[in-house]
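Observations on the three-dimensional arrangement
Chain by chain, the residues run as shown.
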Amino acid sequence: MPIAAERAQNIARVLIEALPYIRRFTGKTIVIKYGGNAMTEPHLKDGFARDLVLMKLVGVNPVIVHGGGPQIGQLLKRLGKATEFVQGMRVTDSETMDVVEMVLGGSVNKEIVNLINRHGGAAVGLTGKDGDLIRARKLLLRRDASDTTVLETDIPELIDLGHVGEVESIDAGVVDMLVSGNFIPVIAPIGVGADGFSYNINADLVAGKLAEVLHAEKLVLLTNTAGLLDSAGELIRQIDAAGVANLIQTGVIFGGMLPKIRCALDAIQAGVNAAHILDGRVEHAVLLDLFTDEGVGTLIRRR
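These remarks concern the structure in this document. Note that this is a predicted model, so its numbers are computed, not measured.

A separate point is the overall build of the protein chain. A count of helices and strands for the protein chain gives 9 helices and 14 strands. The globule rule puts the C-alpha radius of gyration for 303 residues at 19 Å, and the 20 Å found for the protein chain is close to it. Counting the 303 residues in the protein chain, one finds 48% classified as buried. Of the contacts made within the protein chain by residues no fewer than 6 positions apart, 75% connect residues no fewer than 24 positions apart.

A two-sided burial pattern is seen for strand 10 (residues 198-201), the buried positions comprising S198 and N200 on one face and Y199 and I201 on the other. Strand direction decides the pairing type here: strand 7 (residues 158-170) and strand 10, joined by 2 bridges, are parallel. Within the sheet, the bridge partner assigned to V164 lies in strand 10 and is N200. Two strands pair when backbone bridges link them, and strand 9 (residues 190-193) and strand 10 are joined in this way by 3 bridges, in the antiparallel orientation. Along strand 10, the bridge assignment pairs V192 with S198. Linking two consecutive strands that pair antiparallel, namely strand 9 and strand 10, is a turn of 4 residues; a positive phi of about 85° is found at G196 within it.

Taken as a whole and assessed by the stated rule, the structure comprises 2 cavities of 30 Å³ or more. The wall of the largest cavity is formed by A38, L44, G47, F48, D51, L222, G280, V282, E283, H284, A285 and V286. Elements represented by at least two residues in the lining of the largest cavity include exactly helix 2 (42-57) and helix 9 (285-291). It is helix 2 that provides the largest number of residues to the lining of the largest cavity, a total of 4 residues. Considering only residue class, the lining of the largest cavity consists of 7 nonpolar, 3 polar and 2 charged. Roughly 30 Å³ of internal volume is contained in the second largest cavity. As for the second largest cavity, its lining consists of Y34, K45, F48, A49, I112, L115 and I116. Secondary structure elements with two or more residues in the lining of the second largest cavity: helix 2 and helix 4 (94-118). Looking at the lining of the second largest cavity, its residues break down into 6 nonpolar, no polar and 1 charged.

Moving on: the pattern of salt bridges. Following the criterion strictly, the structure yields 13 salt bridges and no others. The partner of E111 in a salt bridge is K45, and the shortest N-O contact between them spans 2.6 Å. One end of the pair, E111, is in helix 4; the other, K45, is in helix 2, and 66 residues separate them in sequence. Taking the shortest distance from any N to any O, the salt bridge between E168 and R137 comes out at 3.9 Å. Of the two residues, E168 sits in strand 7 while R137 sits in strand 6 (residues 134-142), which places them 31 residues apart along the sequence. The partly exposed category is assigned to E168, whose relative accessible area is 45%.

Criteria and cut-off values
Starting afresh in each chain, residues are numbered from 1 along the sequence in its written order. Given that the model is predicted, a residue must reach a pLDDT of at least 70 before its local features are reported, and side-chain atom pairs must reach 80 or more before they are shown or counted; all residues, however, enter totals for whole chains, interfaces and linings. To get the side-chain values, all heavy atoms of the structure are used, and hydrogens and water are removed first. Only runs of H or I of at least four residues qualify as helices and only runs of E of at least two qualify as strands under DSSP, and these elements are numbered from the N terminus. Only C-alpha atoms enter the radius of gyration, while the globule expectation follows 2.2 Å times N to the 0.38, with N the number of residues. Only protein chains enter the accessibility calculation, which uses a 1.4 Å probe. A residue is then buried if its area is under 20% of the maximum for its type, exposed if over 50%, and partly exposed in between. Only heavy atoms matter for contacts: two residues are in contact if any of them lie within 4.5 Å across the pair. Should DSSP find at least two bridges between two strands, the strands are taken to pair. Cavities and pockets were defined on a 1 Å grid built from protein atoms only: a cavity is a group of points that admits a 1.4 Å probe but offers it no way out, a pocket is an open group of points flanked by protein on both sides within 12 Å along at least five of seven lines, and a lining residue is one with an atom within 4 Å of any such point. Grid points are joined across faces, edges and corners, and a volume is the space filled by probe spheres set on the points. In the scheme used here, Gly and all other residues not listed as nonpolar or charged are polar, with Ala, Val, Leu, Ile, Met, Phe, Trp, Tyr, Cys and Pro taken as nonpolar and Asp, Glu, Lys and Arg as charged. Each salt bridge in this description consists of a side-chain nitrogen of Lys or Arg and a carboxyl oxygen of Asp or Glu lying within 4 Å of one another.

What follows is the structure, given as C-alpha coordinates:
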(Lines give C-alpha, C1' and ligand atoms only; values in the text may rest on other atoms or scores of the structure.)
Protein backbone atom coordinates (compact mmCIF):
# COMPACT_ATOMS: atom_id res chain seq x y z
CA MET A 1 0.00 0.00 0.00
CA PRO A 2 1.39 3.47 -0.88
CA ILE A 3 2.50 5.57 2.09
CA ALA A 4 -0.18 8.20 1.47
CA ALA A 5 -2.93 5.57 1.37
CA GLU A 6 -1.62 3.90 4.54
CA ARG A 7 -1.58 7.26 6.30
CA ALA A 8 -5.17 7.90 5.20
CA GLN A 9 -6.20 4.49 6.54
CA ASN A 10 -4.59 5.26 9.88
CA ILE A 11 -6.48 8.56 10.06
CA ALA A 12 -9.72 6.75 9.26
CA ARG A 13 -9.07 4.22 12.05
CA VAL A 14 -8.47 7.03 14.52
CA LEU A 15 -11.72 8.75 13.54
CA ILE A 16 -13.69 5.50 13.79
CA GLU A 17 -12.23 4.85 17.25
CA ALA A 18 -13.13 8.37 18.35
CA LEU A 19 -16.73 8.27 17.04
CA PRO A 20 -18.41 6.53 20.02
CA TYR A 21 -16.61 8.85 22.43
CA ILE A 22 -17.68 11.92 20.47
CA ARG A 23 -21.27 10.66 20.67
CA ARG A 24 -20.91 10.04 24.39
CA PHE A 25 -19.50 13.47 25.24
CA THR A 26 -21.45 15.66 22.81
CA GLY A 27 -23.33 18.28 24.80
CA LYS A 28 -21.48 17.37 28.00
CA THR A 29 -19.29 19.68 30.10
CA ILE A 30 -15.67 18.76 30.84
CA VAL A 31 -13.90 20.85 33.50
CA ILE A 32 -10.13 20.90 32.99
CA LYS A 33 -7.56 22.14 35.48
CA TYR A 34 -4.70 23.43 33.33
CA GLY A 35 -1.23 23.73 34.86
CA GLY A 36 2.31 22.38 35.05
CA ASN A 37 4.40 21.77 31.94
CA ALA A 38 1.28 21.86 29.78
CA MET A 39 1.09 25.62 30.29
CA THR A 40 4.80 26.41 30.11
CA GLU A 41 6.13 24.38 27.15
CA PRO A 42 5.29 26.20 23.86
CA HIS A 43 4.40 23.09 21.81
CA LEU A 44 2.22 21.75 24.64
CA LYS A 45 0.44 25.10 25.00
CA ASP A 46 -0.33 25.17 21.29
CA GLY A 47 -1.48 21.56 21.32
CA PHE A 48 -3.76 22.15 24.30
CA ALA A 49 -5.38 25.17 22.63
CA ARG A 50 -6.01 23.20 19.42
CA ASP A 51 -7.47 20.32 21.45
CA LEU A 52 -9.98 22.65 23.10
CA VAL A 53 -11.05 24.06 19.75
CA LEU A 54 -11.58 20.55 18.38
CA MET A 55 -13.58 19.55 21.46
CA LYS A 56 -15.87 22.52 21.04
CA LEU A 57 -16.33 21.87 17.31
CA VAL A 58 -17.53 18.30 17.96
CA GLY A 59 -20.00 19.46 20.59
CA VAL A 60 -18.06 19.00 23.84
CA ASN A 61 -18.06 21.95 26.28
CA PRO A 62 -14.64 22.48 27.88
CA VAL A 63 -14.35 24.80 30.89
CA ILE A 64 -10.79 25.70 31.89
CA VAL A 65 -9.45 26.59 35.35
CA HIS A 66 -5.76 27.48 35.26
CA GLY A 67 -2.93 27.82 37.73
CA GLY A 68 0.14 30.02 37.53
CA GLY A 69 2.32 29.48 40.60
CA PRO A 70 5.66 29.49 38.75
CA GLN A 71 4.76 32.66 36.87
CA ILE A 72 3.76 34.35 40.15
CA GLY A 73 7.06 33.28 41.72
CA GLN A 74 9.06 34.63 38.78
CA LEU A 75 7.44 38.07 38.95
CA LEU A 76 7.82 38.27 42.74
CA LYS A 77 11.51 37.45 42.34
CA ARG A 78 11.96 40.17 39.70
CA LEU A 79 10.26 42.63 42.05
CA GLY A 80 12.55 41.61 44.91
CA LYS A 81 9.63 40.34 46.96
CA ALA A 82 10.47 37.40 49.23
CA THR A 83 8.16 34.39 49.05
CA GLU A 84 7.35 32.29 52.10
CA PHE A 85 5.63 28.89 52.03
CA VAL A 86 3.88 27.02 54.82
CA GLN A 87 2.81 23.41 54.22
CA GLY A 88 3.42 24.02 50.51
CA MET A 89 1.16 27.10 50.33
CA ARG A 90 2.33 30.63 49.58
CA VAL A 91 1.89 33.20 52.35
CA THR A 92 0.06 36.01 50.53
CA ASP A 93 0.07 39.53 51.96
CA SER A 94 -1.65 42.45 50.22
CA GLU A 95 1.32 43.24 47.97
CA THR A 96 1.68 39.59 46.94
CA MET A 97 -2.05 39.41 46.25
CA ASP A 98 -1.71 42.36 43.86
CA VAL A 99 0.94 40.37 41.98
CA VAL A 100 -1.25 37.24 42.00
CA GLU A 101 -4.14 39.17 40.44
CA MET A 102 -1.83 40.76 37.89
CA VAL A 103 -0.39 37.39 36.83
CA LEU A 104 -3.39 35.05 37.09
CA GLY A 105 -6.12 37.44 36.05
CA GLY A 106 -3.91 39.31 33.59
CA SER A 107 -0.95 37.86 31.74
CA VAL A 108 -1.56 34.10 32.19
CA ASN A 109 -5.30 34.23 31.61
CA LYS A 110 -5.00 36.44 28.54
CA GLU A 111 -2.25 34.29 27.03
CA ILE A 112 -4.46 31.19 27.25
CA VAL A 113 -7.44 33.05 25.78
CA ASN A 114 -5.29 34.41 22.96
CA LEU A 115 -3.90 30.95 22.09
CA ILE A 116 -7.37 29.42 21.89
CA ASN A 117 -8.67 32.28 19.75
CA ARG A 118 -5.64 32.09 17.44
CA HIS A 119 -6.47 28.45 16.74
CA GLY A 120 -10.05 29.26 15.76
CA GLY A 121 -11.86 29.06 19.08
CA ALA A 122 -13.86 31.67 20.95
CA ALA A 123 -12.50 31.90 24.49
CA VAL A 124 -13.46 34.37 27.21
CA GLY A 125 -11.21 34.99 30.21
CA LEU A 126 -12.50 35.80 33.67
CA THR A 127 -11.62 35.50 37.32
CA GLY A 128 -13.84 34.27 40.11
CA LYS A 129 -14.54 37.91 40.93
CA ASP A 130 -16.37 38.45 37.62
CA GLY A 131 -20.12 38.11 37.96
CA ASP A 132 -19.58 37.08 41.60
CA LEU A 133 -18.58 33.65 40.26
CA ILE A 134 -16.51 32.48 43.24
CA ARG A 135 -17.29 33.42 46.82
CA ALA A 136 -14.26 32.77 49.01
CA ARG A 137 -13.43 32.58 52.68
CA LYS A 138 -10.03 32.87 54.33
CA LEU A 139 -8.15 29.58 54.55
CA LEU A 140 -6.66 28.84 57.97
CA LEU A 141 -4.24 25.93 58.09
CA ARG A 142 -4.02 23.72 61.14
CA ARG A 143 -0.52 23.96 62.59
CA ASP A 144 1.35 20.67 62.75
CA ALA A 145 4.48 19.62 64.61
CA SER A 146 6.69 20.08 61.55
CA ASP A 147 5.89 23.79 61.21
CA THR A 148 8.80 25.93 62.33
CA THR A 149 7.32 29.13 60.89
CA VAL A 150 5.58 31.30 63.45
CA LEU A 151 2.89 33.59 62.04
CA GLU A 152 0.54 36.04 63.72
CA THR A 153 -2.86 34.44 64.34
CA ASP A 154 -5.75 34.95 66.73
CA ILE A 155 -6.14 31.17 67.08
CA PRO A 156 -2.87 29.57 68.24
CA GLU A 157 -3.37 26.21 66.54
CA LEU A 158 -4.25 27.80 63.18
CA ILE A 159 -2.01 29.51 60.62
CA ASP A 160 -3.23 32.61 58.78
CA LEU A 161 -1.75 32.71 55.26
CA GLY A 162 -3.18 36.13 54.42
CA HIS A 163 -5.08 36.35 51.13
CA VAL A 164 -5.25 32.59 50.61
CA GLY A 165 -8.79 31.29 50.43
CA GLU A 166 -11.01 28.32 49.90
CA VAL A 167 -14.26 28.07 47.98
CA GLU A 168 -17.34 29.05 49.96
CA SER A 169 -19.74 28.92 47.00
CA ILE A 170 -19.82 29.13 43.22
CA ASP A 171 -22.52 30.83 41.16
CA ALA A 172 -22.14 29.18 37.77
CA GLY A 173 -24.56 31.50 35.96
CA VAL A 174 -21.81 33.36 34.11
CA VAL A 175 -20.15 30.10 33.01
CA ASP A 176 -23.48 28.63 31.88
CA MET A 177 -24.14 31.75 29.82
CA LEU A 178 -20.73 31.55 28.12
CA VAL A 179 -21.02 27.82 27.41
CA SER A 180 -24.50 28.21 25.92
CA GLY A 181 -23.14 31.07 23.79
CA ASN A 182 -20.56 28.67 22.30
CA PHE A 183 -17.63 30.24 24.17
CA ILE A 184 -14.84 28.48 26.05
CA PRO A 185 -14.56 29.94 29.58
CA VAL A 186 -11.01 30.34 30.93
CA ILE A 187 -11.10 30.99 34.68
CA ALA A 188 -8.41 32.31 37.02
CA PRO A 189 -8.88 30.92 40.57
CA ILE A 190 -9.35 34.20 42.41
CA GLY A 191 -12.42 34.70 44.60
CA VAL A 192 -13.83 37.49 46.68
CA GLY A 193 -14.75 37.22 50.35
CA ALA A 194 -17.63 38.69 52.32
CA ASP A 195 -15.05 41.18 53.60
CA GLY A 196 -14.54 42.47 50.04
CA PHE A 197 -10.95 41.22 49.84
CA SER A 198 -9.57 39.09 47.01
CA TYR A 199 -8.34 35.57 47.76
CA ASN A 200 -6.05 33.26 45.82
CA ILE A 201 -7.50 29.73 45.77
CA ASN A 202 -5.87 26.44 44.78
CA ALA A 203 -6.82 25.83 41.13
CA ASP A 204 -7.45 22.11 41.69
CA LEU A 205 -10.03 22.91 44.37
CA VAL A 206 -11.75 25.50 42.19
CA ALA A 207 -11.89 23.05 39.26
CA GLY A 208 -13.39 20.35 41.48
CA LYS A 209 -16.07 22.61 42.95
CA LEU A 210 -16.87 24.05 39.52
CA ALA A 211 -17.30 20.53 38.13
CA GLU A 212 -19.77 19.85 40.93
CA VAL A 213 -21.97 22.90 40.38
CA LEU A 214 -21.89 22.55 36.58
CA HIS A 215 -22.87 18.85 36.88
CA ALA A 216 -19.90 18.12 34.64
CA GLU A 217 -19.48 14.77 32.93
CA LYS A 218 -15.81 14.70 33.82
CA LEU A 219 -13.16 16.51 35.84
CA VAL A 220 -9.66 16.45 34.31
CA LEU A 221 -6.58 17.46 36.31
CA LEU A 222 -3.38 17.96 34.31
CA THR A 223 -0.19 17.22 36.25
CA ASN A 224 3.54 16.73 35.72
CA THR A 225 3.38 13.00 36.45
CA ALA A 226 2.05 10.05 34.48
CA GLY A 227 -0.93 9.95 36.85
CA LEU A 228 -1.40 8.29 40.21
CA LEU A 229 1.48 5.91 40.94
CA ASP A 230 1.53 2.87 43.23
CA SER A 231 4.24 2.05 45.79
CA ALA A 232 6.40 0.53 43.02
CA GLY A 233 6.14 3.68 40.90
CA GLU A 234 3.82 2.03 38.36
CA LEU A 235 0.85 3.89 36.88
CA ILE A 236 -2.54 3.03 38.35
CA ARG A 237 -5.02 3.01 35.46
CA GLN A 238 -8.19 2.90 37.57
CA ILE A 239 -8.91 3.18 41.28
CA ASP A 240 -11.95 3.68 43.50
CA ALA A 241 -12.45 5.75 46.65
CA ALA A 242 -11.55 2.87 48.98
CA GLY A 243 -8.31 2.24 47.09
CA VAL A 244 -7.39 5.92 47.28
CA ALA A 245 -8.04 5.97 51.04
CA ASN A 246 -5.69 3.01 51.48
CA LEU A 247 -2.93 4.69 49.44
CA ILE A 248 -3.24 7.86 51.54
CA GLN A 249 -3.15 5.89 54.79
CA THR A 250 -0.04 3.97 53.72
CA GLY A 251 1.73 7.14 52.59
CA VAL A 252 1.82 6.27 48.88
CA ILE A 253 -0.16 9.43 48.09
CA PHE A 254 1.42 12.48 49.73
CA GLY A 255 2.50 16.07 49.14
CA GLY A 256 1.14 17.94 46.14
CA MET A 257 -0.84 14.93 44.91
CA LEU A 258 -3.05 14.94 48.04
CA PRO A 259 -5.17 18.03 47.20
CA LYS A 260 -5.63 16.77 43.62
CA ILE A 261 -6.85 13.37 44.80
CA ARG A 262 -9.11 14.83 47.47
CA CYS A 263 -10.79 17.31 45.12
CA ALA A 264 -11.25 14.52 42.55
CA LEU A 265 -12.91 12.30 45.19
CA ASP A 266 -15.12 15.16 46.39
CA ALA A 267 -16.23 15.83 42.81
CA ILE A 268 -17.23 12.25 41.99
CA GLN A 269 -18.94 11.81 45.35
CA ALA A 270 -20.93 14.99 44.56
CA GLY A 271 -22.16 13.54 41.26
CA VAL A 272 -19.44 14.16 38.66
CA ASN A 273 -19.31 10.96 36.61
CA ALA A 274 -15.53 10.59 36.44
CA ALA A 275 -12.29 12.27 37.43
CA HIS A 276 -9.01 11.80 35.59
CA ILE A 277 -5.46 12.75 36.54
CA LEU A 278 -3.50 13.15 33.30
CA ASP A 279 0.13 13.71 32.40
CA GLY A 280 0.19 17.22 30.97
CA ARG A 281 3.65 16.55 29.51
CA VAL A 282 2.05 14.24 26.92
CA GLU A 283 1.04 16.09 23.78
CA HIS A 284 -2.75 16.04 23.23
CA ALA A 285 -3.28 14.28 26.59
CA VAL A 286 -6.86 15.54 26.88
CA LEU A 287 -7.85 14.27 23.42
CA LEU A 288 -6.19 10.91 24.10
CA ASP A 289 -8.13 10.62 27.33
CA LEU A 290 -11.50 11.59 25.86
CA PHE A 291 -11.49 10.02 22.41
CA THR A 292 -9.32 6.86 22.45
CA ASP A 293 -9.78 3.36 23.83
CA GLU A 294 -6.45 3.37 25.64
CA GLY A 295 -6.58 6.80 27.26
CA VAL A 296 -3.82 8.13 29.50
CA GLY A 297 -3.42 8.77 33.21
CA THR A 298 -5.54 7.55 36.13
CA LEU A 299 -9.33 7.21 36.29
CA ILE A 300 -10.85 7.73 39.75
CA ARG A 301 -14.30 6.28 40.28
CA ARG A 302 -16.71 6.03 43.21
CA ARG A 303 -16.47 2.24 43.63
